[in-house]
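Coordinate inspection notes
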Amino acid sequence: MTDRIPSLKTMLTLSDAAATEALARALAPGLGAGDLVALVGGLGVGKSVFARALIGSRLAALGRAESVPSPSYTLVQTYDLGDVELWHADLYRLGALDEIGELGLEEAFAGAITVVEWADRLGPALPPRRLTLALDFEERGEARRAELTAEGGGWDWLPAALAAVG
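Note that the structure is a prediction, hence the values are computed from the model and not measured.

A short note on unusual backbone geometry
What is expected of a backbone is that most residues other than glycine have negative phi and most peptide bonds are trans. Positive phi, close to 60 degrees, is recorded for Trp118, a residue that is not glycine. With respect to the element layout, Trp118 can be found in the loop between strand E5 (113-117) and strand E6 (130-137).

Below, the structure is given as structure tokens:
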């Protein structure tokens, strides 16, 4: 028996913001309580585009259309999806690691769907079971390189969702 945490890594090229949104919509239905989507990458690479599309997709599935503001200043926005809450956090303005406890993210990691922009700022508080989307600029145009890494169990639905993106 091994203590190794299973992982899956996929590299994608997202041609534009619409492709980033399509990836988010493909992943959204598979996410459940306790799932963390950790978004990492520099300014302007599409973390917020992805988060808004994912949240909008989950709300649309419930017949709801709501504004999905960036939590840059509030740090956390929550959405009631009926059977589960969705927390959207943007840690760009996080002052210190000890503020994470004040935000209630540990509670969210345990029982909500959590989407965290600038997740690398969690440092050692980053849960080992997560779906990380690392975005970076391609050399030319609007395209982005996307590295999707699923760590821990429970991501068996992911290959089919990615196949739907094409």
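Read on for the rest.
Re helix H1 (residues 17-27)
Buried within H1 we find Ala19, Thr20, Leu23, Ala24, Ala26 and Leu27. Along the long axis of H1, the arc covered by the buried residues comes to 165 degrees, so they all point the same way. On the buried face of H1, the contacting elements are strand E1 (7-14), helix H2 (47-61), E6, strand E7 (144-151) and helix H5 (158-165). Of the residues that open H1, the one with a side-chain oxygen 3.2 Å from the backbone nitrogen of Ala18 is Asp16.

Some words on the environment of Leu131
With respect to the element layout, Leu131 can be found in strand E6. On a C-alpha basis, the gap between Leu131 and Val115 in space is 9.6 Å, while along the polypeptide they are 16 residues apart.

A short note on the nonpolar core
Counting residues in each nonpolar core, the largest one holds 34 residues, and the members touching the most others are Leu27, Phe50, Leu54, Leu86, Leu131, Leu133 and Leu158. Listing elements by their share of this core, those giving two or more residues are H1, strand E2 (36-40), H2, E5, E6, E7 and H5. Sorting elements by how many residues they give to this core places H2 first, with 6 residues. If near-sequence neighbours (up to four positions away) are discounted, Leu131 is found in contact with Leu27, Leu36, Val37, Ala38, Leu148, Thr149, Ala150, Trp155 and Leu158. Of all hydrophobic cores here, the second largest spans 19 residues; its members include Ala89, Phe109, Trp118 and Ala119.

The rules behind the values
- Position labels on residues start from 1 in each chain and follow its written sequence.
- Given that this is a predicted model, residues contribute local features only at a pLDDT of at least 70 and side-chain atom pairs are listed and counted only at 80 or more, while totals for whole chains, interfaces and linings are drawn from all residues.
- In computing side-chain properties, one takes all heavy atoms of the structure into account and sets aside hydrogens as well as water.
- Under the scheme used here, helices are H or I runs from DSSP no shorter than 4 residues and strands are E runs no shorter than 2 residues, and both carry numbers assigned from the N terminus.
- Burial classes follow relative accessibility: with a 1.4 Å probe on protein chains only, a residue under 20% of its type's maximum area counts as buried, one over 50% as exposed, and anything between as partly exposed.
- Directions are taken from the helix axis to each C-beta atom, and the arc is the one they span.
- It only takes one pair of heavy atoms within 4.5 Å for two residues to be counted as in contact.
- Polar contacts, as used here, are pairs of N or O atoms within 3.5 Å; protein pairs need one atom able to donate a hydrogen and one able to accept it. Residues neighboring in sequence count only if both atoms are side-chain atoms.
- Put simply, buried Ala, Val, Leu, Ile, Met, Phe, Trp, Tyr and Cys residues joined by side-chain atoms within 4.5 Å make one nonpolar core.

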